[in-house]
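Reading the structure
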Amino acid sequence: MLFHEQSFLFIFLPISLLGIFIINRFVPRFAVWWIVICSFVFYSFHGLKHLPLLIISISINYFLGLVIEKNRFQNFNGNLLIVGIIINLAILAFFKYGDFILSNLSYIGMTPSQKTNIILPLAISFFTFQQIAYLVDLKKGVIRSSCFINYCAFVTFFPQLIAGPIVRYQIIIPQIINQAWRKISKESLWAGLCLLSFGLFKKNYLADGLRPLVDSVFNATNEGTTLSFAEAWIGSSAFGLQIYFDFSAYSEMAIGLGLLFGLKLPINFNSPYKSKNIIEFWRRWHITLSEFLRDYLYKSLGGNRNGVAAGITNVLIVMTLGGLWHGASWTFVAWGCIHGILIGFCHIFRAIKKKKEYRETRSIYNIFGSQLLTLVSVTLAWVFFRSEDFKQAFDISKSMLGLNGFDLPRFLGSYTNVDYLRFHGGLPNQVVNIELIPLYIICVILVLLVPNTLQILKIDTNGNSFITLPSPKVTFIAGVLLFFSVKTSFETLSYEFLYFRF
Amino acid sequence: MQRQIQRLVLFVSGFILASIFWNSCLDLVADKPVPDAVFSSSIIDLKEKILIRNKNTEKIIVVGGSNVAFGIDSIEIKKAFGIETINFGCMAGIGPEVLLSKIKKHTSNGDIIIFCWEFGLYRFKRSGSNFTYLNLIFGPLTTLRSNYPIMDKIRLNLKYPTSHIRTSIAVAYNPFADPEIFRCSWNFDEYGNVRSIQEQIVKEEELINSPLSALMTELTITNDVKEILTDFVHSCRNNNIKVLSTWPNTFNNPKYIKNKVVEKNFLTIKDFWQNLDVPMIGMPEDSMLTAEFFHDTYYHLNSKGVKIRTKKLIDNLKPQLIKHAE
């Protein structure tokens, strides 16, 4: 049951909303129970056999949290936190990284080649991080524990359970305690509905629309095709667009669904491709993950307190682990590492600028150039994220960097006879579906030139979660988009969100 | 409150306008078929032409999907019984409604129709997810859809993939390629038999490893199929057209032997035709052949297979056609 499937749109969502409406009216204190039941049902649809794991994980963390809170001023409290973190990471390592660890041990000859065949429990990366943050904050005394059912609602609230945002306890629990669902405003309902419509459309038409283009290019390299310069760039940038719309769609739907229940979830996505440097990119892409990594890992490692070099080393560690968090594969590690290096360069550049008191000129060329450079770097890095192995990643990267030569239009053929310039057309392998090029161009325009959904809906992205009533024009557009999204739910094919597999 | 009502009205109007727009898009692309529809309609057109040519002659029509096109030699049947015989084997994917709509138009008193349907055809659902069928009824055979019940029409309108509209436009306005390049390139003779493919290219192992899911899972004949066939058989009876049924040629997969589901499915099909009072010719085993007689899939025979299969069908048809002559 995915957000864009009929079972969710026509059965689960109406029932859960109707349920909360009725309970709100008669016994509002039980509404949180209803939210938890709905969330468990939602999770069960994806993997009933992993439901016990979710419940066990919640129970262990909740009770460990109680012990940590009770003994906050005891000496052994720090050890309790370490035990808690180890338990969470051990569960994550066993289910997510078991095969990865075994295959690497077998590669260096330490174990025989075998697979555990463990199926990755859905959302494990998200609920593990969320609960680690909870334990750390309890230990620091930043938060105070609540009752078990509130805690369950905090971890499992279904709009954010599967693919984030990684919600902080201090953001969601006050809303649950204050029974936010009793005060659902008209603004919230309309904004929620509009976000849901926009998100559904982005997922169904933009992200899934680009999927064949991406798949054909990446699959071609598996079959031994050497991509041309243009094909490689189109393929990898199309993947950049696909994951952009896929993840922004999910994030918007999650916030929208939260608003329909009266709960405000944090912003997780804010036009990252408009960033002017890679640090800004990570402040706009998967914002809650970046914040988690910054607050619970980077700062714990010392941040940049010990100078630029130590800071860059810490960034590299954090980003590499962040890459590994996305998937149990060396390509994800490489992706994280590339981002770490890019952030490192950015820090060095900033340090030089500071030292030389270089004043940044805010000319259009400067802004455009830095935005383009960021976009190009991110697109190159996506190749490692999307590739199944290093061979594929290197093959595509080589083509993108022009190391496989350049393929140019036939009509230029007579001018030169240099080896690395071929004149069989820009897309000689015919792996790019030309039919999808207009969609690709539309997506590029939407990403780079059009305000994002949060801006259109005038939702404050600075953490105040201020919601205004959408304009009449936006409401009309939301109605149009909802029709097409509902229509798509009748079509045969539906693809899960890319972030589901993390 | 007024602001809320205003927004509600706008939201609903957006939804309704979008649905109207979608319907207009469907009308717009009706004459711009996607490649799949160009392919399947080219087969239907060719077969229909053969039917039209023989409209006023007494004839046998063997109807089914590609198992008929690649499995029956209608010229041999003609030689055996002295009656014009047309191979109306198209593609199972186009669905029974499309197949029968063409036959209904061009048959007359005294004709004989032999159903040789793939097992999957008995599972056809109008609102199912068969793209070949959808592409036809939203393309070259759009008129067929106008006779459907309103709920079926709505469901089908919603089911037709949006991406096919894009493909239709891209195919129609591609300046570098004529849509005709997507026409079927099988070589048909003047009686609708495929003549271009002669040899075996499929390996026995492949056939064994791909048992028909339509046969291996329990069959419930859908209400749509029941309705379509009952109507058709009644209309034939009213026009003095004889209807017979037989089994499709299939690879004799060891996985079918003593398989209770397979046996039950055979019985379901047999009972269904019996209830319609349509004689079932032969036994399922008569059309189940070994790997050497197949061309590329479990339904398509090679030239050797066609000979054997047609001979068996002729033998099984003899008692029926003698009765018919009397």
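Residues numbered from 1 in each chain as written. Chains lettered and ligands numbered in written order. Predicted model: local features only at pLDDT ≥ 70, side-chain atom pairs only at ≥ 80, totals over all residues. Heavy atoms only, no water.

1. Considering the overall build of chain B
- On a plain count of helices and strands, chain B comes out with 14 helices and seven strands.
- The C-alpha atoms of chain B give 22 Å as radius of gyration, which agrees with the globular expectation for 326 residues (20 Å, within 12%).
- Taken along the three principal axes of its C-alpha coordinates, chain B extends 80 × 45 × 45 Å.
- Evaluated residue by residue, chain B yields a buried proportion of 52% over its 326 residues.
- Of the contacts made within chain B by residues no fewer than 6 positions apart, 83% connect residues no fewer than 24 positions apart.
- Approximately 15100 Å² of chain B is accessible, and the part contributed by carbon and sulfur atoms is 55%. (Helix = DSSP H or I, 4+ residues; strand = E, 2+ residues; numbered from the N terminus. Rg over C-alpha atoms; globule rule 2.2 N^0.38 Å. Buried < 20%, exposed > 50% of the residue type's maximum accessible area, 1.4 Å probe, protein only. Contact = heavy atoms within 4.5 Å. Areas by Shrake-Rupley, 256 points an atom, 1.4 Å probe, with all protein chains shown as cover.)

2. Considering the sheet that holds strand β4 (residues 242–246) of chain B
Residue and element names in this part refer to chain B.
- If you trace the five strands from one edge of the open sheet to the other, you get β2-β1-β3-β4-β6, paired in parallel fashion. Two strands in the sheet have a free side with no partner beyond their single neighbour: β2 (84–89) and β6 (280–281).
- Helix α4 (residues 74–81) contacts β1 (59–64) and β2 of the sheet and is inclined by roughly 155° relative to β2. (Pairing = 2+ DSSP bridges. Axes fitted to C-alpha atoms, helices over the stretch in contact; angles between N-to-C directions.)

3. Notes on a nonpolar patch on the surface
- Taken together, the side chains of L18, F21, I22, F26, V27, F30, W33, I37, V41 and F45 of chain A present a nonpolar region at the surface, about 1000 Å² in accessible area.
- F45 of chain A sits in the exposed class, given a relative accessible area of 51%. (Patch = residues over 30% accessible without salt bridge, like charges linked within 9 Å, V, L, I, M, F, W, Y side chains within 5 Å. Salt bridge = Lys/Arg side-chain N within 4 Å of Asp/Glu carboxyl O.)

4. Remarks on the nonpolar core
- Of all hydrophobic cores here, the largest spans 149 residues; its most connected members are F8, Y43, Y134, Y273, W285 and W382 of chain A.
- The biggest single contributor to this core is helix α10 (residues 229–260) of chain A, with 18 residues.
- Leave out the neighbours within four places in its chain, and F8 of chain A touches M1, L2, F3, L13, P14, F42, F158 and L257 of chain A.
- Counting 74 residues, the second largest nonpolar core, distinct from the first, contains F483 of chain A together with W22, I44 and Y133 of chain B. (Core = buried A, V, L, I, M, F, W, Y, C linked by side-chain atoms within 4.5 Å.)

5. Some remarks on the packing of aromatic side chains
Residues and elements named next belong to chain A.
- This structure, assessed with the given rule, holds 74 aromatic pairs over all chains.
- A centroid spacing of 5.4 Å and a plane angle of 40° characterise the contact between F42 and F158, whose relative ring orientation is tilted. Remark: F158 occurs in helix α7 (residues 158–161) and F42 occurs in helix α2 (residues 31–47); sequence separation between them is 116 residues.
- In this structure F158 comes out as buried when scored by relative accessible area, which is 1%. (Phe/Tyr/Trp six-rings, centres within 6.5 Å; stacked < 30°, edge-to-face > 60°.)

6. Structural notes on helix α4 (residues 77–107) of chain A
- An ideal rise of 1.5 Å per residue puts 45 Å on 31 residues; α4 of chain A reaches only 39 Å between its terminal C-alpha atoms.
- Along α4 of chain A, the sharpest kink reaches roughly 75°, centred on Y97 of chain A. (Expected span 1.5 Å × (residues − 1). Bend = angle between axes of the 7 residues up to and from the residue.)

7. Some points on the pairing of β4 of chain B
Residue and element names in this part refer to chain B.
- Taken across its five residues, β4 has four buried, putting it largely inside the fold.
- Pairing of strand β3 (residues 112–116) with β4 involves five bridges; the strand directions are parallel. The partner of I113 across the bridge, within β4, is V243.
- Inspection of the sheet shows β4 paired to β6 by two bridges, in the parallel sense. Considered in β6, the bridge of T246 is made with I281.

8. Focus on the environment of R53 of chain B
All names here are of chain B.
- Mapped onto the fold, R53 is located in helix α2 (residues 35–53).
- Since its relative accessible area comes to 53%, R53 is described here as exposed.
- For R53 and H106, which are 53 residues apart along the polypeptide, the C-alpha to C-alpha distance reads 9.4 Å.
- Here the side chain of R53 touches E190 through a polar contact of 2.6 Å, landing on its backbone oxygen. (Polar contact = N/O pair within 3.5 Å; in protein donor to acceptor, adjacent residues only side chain to side chain.)

9. Topic: the interface of chain B and chain A
- Taken together, the 27 residues of chain B in the interface contact 25 residues of chain A.
- Linking chain B to chain A there are one salt bridge.
- A salt bridge links R166 of chain B to E435 of chain A; its shortest N-O distance comes to 3.5 Å.
- The tally of links between chain B and chain A comes to nine residue pairs in polar contact (both at pLDDT 80 or more).
- Among the elements of the structure, α1 (2–28), α8 (150–159) and α9 (162–172) of chain B are those that each provide at least two residues to the side of chain B that touches chain A.
- Of all the elements, α1 of chain B adds the most residues to the side of chain B that touches chain A, at 15 residues.

10. Remarks on the confidence of the model for chain B
- Taken as a whole, chain B shows an average pLDDT of 87; of its residues, 97% reach a score of 70 or greater.
- As a predicted assembly, this complex carries a pTM of 0.83 together with an ipTM value of 0.79. (pLDDT = per-residue confidence, 0-100.)

11. Notes on empty space enclosed by the protein
Residue and element names in this part refer to chain A.
- As enumerated under the stated definition, the model contains two cavities of 30 Å³ or more in all.
- Space inside the second largest cavity adds up to approximately 30 Å³.
- Lining the second largest cavity are W282, L289, L293, M319, G322, G323, H326, W335 and G336.
- Breaking the lining of the second largest cavity down by element, the ones donating at least two residues are α12 (287–298), α13 (308–326) and α14 (330–355).
- Here the lining of the second largest cavity gets four residues from one element, more than from any other, and that element is α13. (1 Å grid on protein atoms, 1.4 Å probe; cavity = no way out; pocket = protein on both sides within 12 Å on 5 of 7 lines; lining within 4 Å. Points joined across faces, edges and corners; volume = space filled by probe spheres on them.)

12. A few points about the pairing of β2 of chain B
Residues and elements named next belong to chain B.
- Of all six residues in β2, five are buried; the element is thus mostly enclosed.
- Two strands pair when backbone bridges link them, and β1 and β2 are joined in this way by six bridges, in the parallel orientation. What sits directly across from V63, in β2, is F88.

13. Examining unusual backbone geometry
Residues and elements named next belong to chain A.
- Phi angles above zero are rare outside glycine, and K458 is one such case at about 55°.
- For K458, the location among the structural elements is in the loop between α18 (453–456) and α19 (472–490).
- For K458, a relative accessible area of 58% gives the class exposed.

14. Side note on the packing of helix α3 (residues 51–70) of chain A against α4 of chain A
Residues and elements named next belong to chain A.
- Running from amino to carboxyl end, α3 crosses α4 at an angle of 170°, the nearest separation of the two axes being 10 Å. Considering their axes alone, α3 and α4 lie roughly antiparallel with respect to each other. On α4, the residues that touch L53, S57, I60, N61, L64, V67 and I68 of α3 are N77, L80, L81, G84, I87, N88, I91 and F95.
- Considering only residue class, the contact of α3 with α4 consists of 10 nonpolar, five polar and no charged. (Parallel < 35°, antiparallel > 145°, perpendicular 65-115°, else oblique. Nonpolar A, V, L, I, M, F, W, Y, C, P; charged D, E, K, R; others polar.)

15. Points about the side chain of T107 of chain B
- Looking at the element boundaries, T107 of chain B is found in the loop between α5 (95–105) and β3.
- Non-local contacts of T107 of chain B, meaning those with residues more than four positions away in its chain, are made with K59, I61, I113 and I241 of chain B.

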